[in-house]
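Coordinate analysis (summary)
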Amino acid sequence: MIQGRRGWSRLVALLGLVALLVTACSNTVSGAPVPVVIPPPSAAESIAQSLLNLGEAGAVHYKGTFTSASDEKITFDVTVSSAGDVLGSITADGNPATILMINKSLFVKAPAAFWAALRGIGEGDGKGTAIADRWVKLPSVLLGVEFGDMFTPDGLSQDLAKEPKTAGEGALAERPKTTESGVEVIKIPVESGAIFLAAQPPYGLARLTLSRLGATDNTRVKDLVADVADTSADTVKFYQELANQAAGLNTAVDALTTVNQGPHRFDQCGASSCSLIVEFTNTAKVPVRVHVKADWTGDNAPLGSCETEVGPVAPGQPSSATCTLSSPEWVNFWQRAHSVVGTHPYGASWAPLVLADAPDLGSVTTQASAKPADPKNRKTEGSHYVYTVKYADKVWKYGVAGTKYWQDHAKAQLRPCLAVNQALCTFSLVTATDNAASAYALQQQLVAGNPGGCPPGQWVSCKR
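Overview of the structure. (Residues numbered from 1 in each chain as written. Predicted model: local features only at pLDDT ≥ 70, side-chain atom pairs only at ≥ 80, totals over all residues. Heavy atoms only, no water.)

Considerations on the environment of Ile74
Using the following cut-off: Per the convention used, a helix needs a DSSP run of H or I reaching at least four residues, while a strand needs a run of E reaching at least two, with both numbered from the N terminus. Only protein chains enter the accessibility calculation, which uses a 1.4 Å probe; a residue is then buried when its area is under 20% of its type maximum, exposed when over 50%, and partly exposed in between. Whether two residues touch is decided by their heavy atoms; if any such pair falls within 4.5 Å, the residues are in contact.
Relative to the helices and strands, Ile74 is located in strand β2 (residues 73-81). A relative accessible area of 2% places Ile74 in the buried class. In this structure, the C-alpha to C-alpha distance between Ile74 and Val221, residues 147 residues apart in sequence, is 9.8 Å. When sequence neighbours within four positions are dropped, the list of residues in contact with Ile74 reads Gly64, Thr65, Phe66, Ser68, Ile90, Thr91, Ala92 and Leu143.

Observations concerning the state of the cysteines
Note the following rule: A pair of cysteine sulfur atoms is labelled a disulfide when the two atoms are within 2.5 Å.
Going through the model one piece at a time under the given rule, you end up with four disulfides. Each sulfur of the disulfide joining Cys269 and Cys274 lies 1.8 Å from the other. Residue Cys269 is classed as partly exposed on the basis of its relative accessible area, which comes to 24%. Overall, Cys274 belongs to the buried group, its relative accessible area being 0%. Along the protein, the cysteines engaged in disulfide bonds are linked according to the scheme 1-2, 3-4, 5-6, 7-8 when indexed in sequence order.

Section: the side chain of Asn421
Tracing the backbone through its elements, the reader meets Asn421 in helix α11 (residues 414-421). Assessed through its relative accessible area of 18%, Asn421 is described here as buried. Contact partners of Asn421, with chain neighbours within four places excluded, come to Tyr391 and Trp396.

Let's talk about the sheet that holds strand β20 (residues 394-401)
Heads up, the condition is: For two strands to pair, DSSP has to find at least two bridges joining them. To get an axis, fit a line to the C-alpha atoms, keeping to the stretch in contact for a helix; angles then go from 0 to 180 degrees between the N-to-C directions.
One open sheet holds the three strands; their spatial order is β20-β19-β21, and the pairing between them is antiparallel. Edge positions in the sheet fall to β20 and β21 (425-433), since each of these pairs with one other strand and no more. Pairwise comparison of adjacent strand axes, ignoring direction, gives a mean angle of 20 degrees for this sheet. Note that strand β19 (residues 384-391) and β20 share seven bridges and pair antiparallel. Residue pairing for β20: Lys390 is matched across the bridge by Val395. Across the sheet, α11 is in contact with β19, β20 and β21; its angle to β21 comes to roughly 130 degrees. Packing of helix α12 (residues 436-448) onto the sheet brings it into contact with β19, β20 and β21, and relative to β20 it is tilted by some 170 degrees.

Below, the structure is given as structure tokens:
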């Protein structure tokens, strides 16, 4: 009896301990869950996102005015690609010119008046006549502006990102609004002036008014005023037009290299043709190709033109170019000179011009024929990465990053996406490609096919 009672007493003690433990684990806190308050994006975040979007553009159009480093008043209308290729026009002191920039090389085509007014390419009454209306390779320093470096989307984005003076804690939408060039904008002061962002999300860059812009003293412009528009959706068309214009660059003139002209003479002039022989010496330190175009007259009337090319001519070596005219006008002049009594003078005007090395157009032609990258044939390596940022199973933005660190690019946008949409945002890779134009063509295709039109965070390839 006594042993049995001890065993029962131990059992009761154990059950009591278990009950205490269970009671301790079942404590609860009354009340309802409180959602986390996500503040809207600050002005600083919206500005940073807008400049990041600019940096991802495939091509941007700029139109405005500035004063070049050489104090020329220039009006410009240019499109600049993400690679720094440039296509457009400028007017300097009332003289128009077409400009191309490929692989960092500048080419200009302009009338004689433009060249006559430009400092640094020689003097004389005939300055500019020989190179009028033909492509000329020109150092950017002579023009006093480097369009490729100054306006490349990613480079401009980084330059402007260093400059905002006032960010503020409030939302960008709360800032005062004005209208510039017919667009409602918000003015953002920066160290060198102001930038203007579109008043509606995603607040894309619409205008620049800067006291200075440029990397070096001899190409830094002043008093820049420019309207800005994304043209990434037309990147392939940009390269098609660039390729079309660049087809004539194989006979572009080198503005800074010349030869020393020697004697000239006419030779073998007869009923069907006449030749002009021009002698010269290559005084440059490199081999050169020399082009001669001669404009002929007879009895003070035009007889036509002839062209010829010789070379390469080694440094320090003499050579000659023979330019032969065989136009119908020459044939008529010769017959008239031998049938009509009197003096019948004829002559030619020319200049031996050194030809520039033609640029490598491989990348231009490849991008001009680009097709949209195929997301079904997904690649994870390339020079350009097409990605998407989503919230609540909806697309917030399709991006193109020209860096293998595209994930860092995308991650930086998750906070703005979260703040705008009040929903968790994620990113994923669509595909990668080694052709920039293919990446932007796919982006344009994705934007066009998005339900409801442009995604809310989209600036690049979105026509609003």
